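Analysis of the macromolecular model
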Amino acid sequence: MFETVDNIIKRDPAAWSRLQVILTYPGFRALKAYRLAHRLWNNHHLLMAEIISNWSRKRTGIDIHPGATIGERLFIDHGIGVVIGETAVIGNDVTILHGVTLGSRREVDGKRHPTVGDNVFIGTNALILGNITINNDAKVGAGAVVLKDVPENATAVGNPARILKQKEE
C-alpha cells in the first residue's frame, strides 16, 4: 500500500503526504476497492465482487471491473470518468488521467480490452479501444482515440491516433 502511495507522491506535485493521498485521492481509494473485488472475483465470489466494484464507482467516479488485471503502483490522477474493462491488463507504474476509457470495440468472446505495458502515460479523455497493446514506455495524448497497437517508446495522438514520435533507445 505505501509503495503505491509513495509513488503517487513522487508523480503528483499536489500530493504532500501519505495521509493526504490515502484519505483524499479517489484513484487510490478505487484501486484499494478494486484489489478486494479482484480477489473475490478470482475466488468465484462474482456477485460480491460486482457489489464492491459498483459501490466504489459510485464513491469515486472510477469504474474498474473486478476481472481486470492491474499491476503495481498504478496512479489514476483525478480519476472521474475512468473506465477499465473486464479483460483489460495494465502493467506497472502506469499513469492514467481523468476521463480515460480502456474499453472494447465490439462484443467478442475472450480478450476484448486493451493491454497496457509498464511505464505508460495515458492523457485526459483518451479512448483506448479493443484488444490492442500499448507497449512499454509509450504515451497516449489527451483526447486520442487509439484503435491500433502503440509501439514501445512511442507517442500516439489524434483521432484516430497516429504515432507522433518514437524515441530511440
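Here, the structure is the one placed above.
Report follows, based on the coordinates. (Residues numbered from 1 in each chain as written. Predicted model: local features only at pLDDT ≥ 70, side-chain atom pairs only at ≥ 80, totals over all residues. Heavy atoms only, no water.)

What follows concerns the overall build of the protein. Broken down by element type, the protein carries 4 helices and 15 strands. In terms of overall dimensions, the protein is globule-like: its C-alpha atoms have a radius of gyration of 15 Å, near the 15 Å expected for 169 residues. Its C-alpha atoms give the protein principal-axis dimensions of roughly 40 × 40 × 25 Å. Within the span of the protein, comprising 169 residues, buried residues form 49% of the whole. A separation threshold of at least 6 residues defines the contact pool for the protein, and within that pool the share at least 24 residues apart is 30%. (Helix = DSSP H or I, 4+ residues; strand = E, 2+ residues; numbered from the N terminus. Rg over C-alpha atoms; globule rule 2.2 N^0.38 Å. Buried < 20%, exposed > 50% of the residue type's maximum accessible area, 1.4 Å probe, protein only. Contact = heavy atoms within 4.5 Å.)

What follows concerns the nonpolar core. With 31 residues, the main nonpolar core has Ile-84, Ile-90, Ile-96, Leu-102, Ile-122 and Ile-134 as its most contacted residues. Ile-122 has contacts with Thr-95, Ile-96, Leu-97, Val-100, Leu-102, Val-116, Ile-128 and Val-140, leaving out every residue within four places of it along the chain. Judged by nonpolar contacts, the second largest core, of 7 residues, contains Val-5, Val-21, Tyr-25 and Phe-28. (Core = buried A, V, L, I, M, F, W, Y, C linked by side-chain atoms within 4.5 Å.)

With that out of the way, let us pick up the pairing of strand S14 (residues 154-157). On any regular strand, side chains alternate: one points to one face of the sheet, the next to the other face. Of the two faces of S14, the one carrying Ala-154 and Ala-156 and the one carrying Thr-155 and Val-157 are both buried. Note that strand S12 (residues 139-140) and S14 share 2 bridges and pair parallel. Looking across to S14, one finds that Lys-139 is bridged to Thr-155. (Pairing = 2+ DSSP bridges.)

Moving on to helix H3 (residues 26-42). Count 3.6 residues to each turn of an α-helix, and residues three or four apart come out pointing the same way. Taking 1.5 Å as the rise per residue, H3 with 17 residues should run 24 Å; its terminal C-alpha atoms sit 24 Å apart, in good agreement. For H3, every residue scored as buried is listed here: Pro-26, Gly-27, Phe-28, Ala-30, Leu-31, Ala-33, Tyr-34, Ala-37, His-38, Leu-40 and Trp-41. Taken together, the buried residues of H3 touch helix H1 (2-11), helix H2 (18-24), helix H4 (46-60), strand S1 (63-64), strand S2 (69-70) and strand S3 (75-76). His-44 sits one or two positions beyond H3 and adopts a positive phi of about 65°. (Expected span 1.5 Å × (residues − 1).)

All right, on to the packing of aromatic side chains then. Aromatic ring pairs are described here by two measures, namely the spacing of the ring centres and the angle between the planes. If you walk through the whole model with that rule in mind, you get 0 aromatic pairs. Directly above the aromatic system of Phe-2 lies the positively charged group of Arg-18, at a separation of 4.4 Å from the ring centroid. (Phe/Tyr/Trp six-rings, centres within 6.5 Å; stacked < 30°, edge-to-face > 60°. Lys NZ or Arg CZ within 6 Å of the ring centre and 35° of its normal.)

With respect to the helices, strands and loops of the structure, His-38 is situated in helix H3. Residue His-38 is classed as buried on the basis of its relative accessible area, which comes to 17%. From its side chain, His-38 meets the backbone oxygen of Pro-66 in a polar contact 2.7 Å long. (Polar contact = N/O pair within 3.5 Å; in protein donor to acceptor, adjacent residues only side chain to side chain.)

Moving on to the pattern of salt bridges. This structure, assessed with the given rule, holds 5 salt bridges. Across the salt bridge formed by Arg-73 and Glu-3, the nearest N and O atoms sit 2.9 Å from each other. Here Arg-73 is found in the loop between S2 and S3, whereas its partner Glu-3 is found in helix H1, with 70 residues between them in sequence. Judged by its relative accessible area of 18%, Arg-73 falls in the buried class. One network of salt bridges, with partners in common, ties together Glu-3, Arg-11, Arg-73 and Asp-93. (Salt bridge = Lys/Arg side-chain N within 4 Å of Asp/Glu carboxyl O.)

Let us look at the sheet that holds strand S11 (residues 133-134). The strand order S2-S5-S8-S11 describes an open sheet built from 4 strands, whose pairing is parallel. What marks the edges here is a single partner per strand, and that holds for S2 and S11. The pairing of S2 with strand S5 (residues 89-90) spans 2 bridges and is parallel. For Ile-70, the partnering residue across the bridge sits in S5 and is Ile-90.

A surface patch of nonpolar side chains, about 320 Å² in accessible area, is lined by Leu-47, Met-48 and Ile-51. Within the secondary structure layout, Met-48 lies in helix H4. The exposure class of Met-48 is partly exposed, given its relative accessible area of 44%. (Patch = residues over 30% accessible without salt bridge, like charges linked within 9 Å, V, L, I, M, F, W, Y side chains within 5 Å. Areas by Shrake-Rupley, 256 points an atom, 1.4 Å probe, with all protein chains shown as cover.)

So far we have only geometry, and geometry alone does not tell us how the molecule works.
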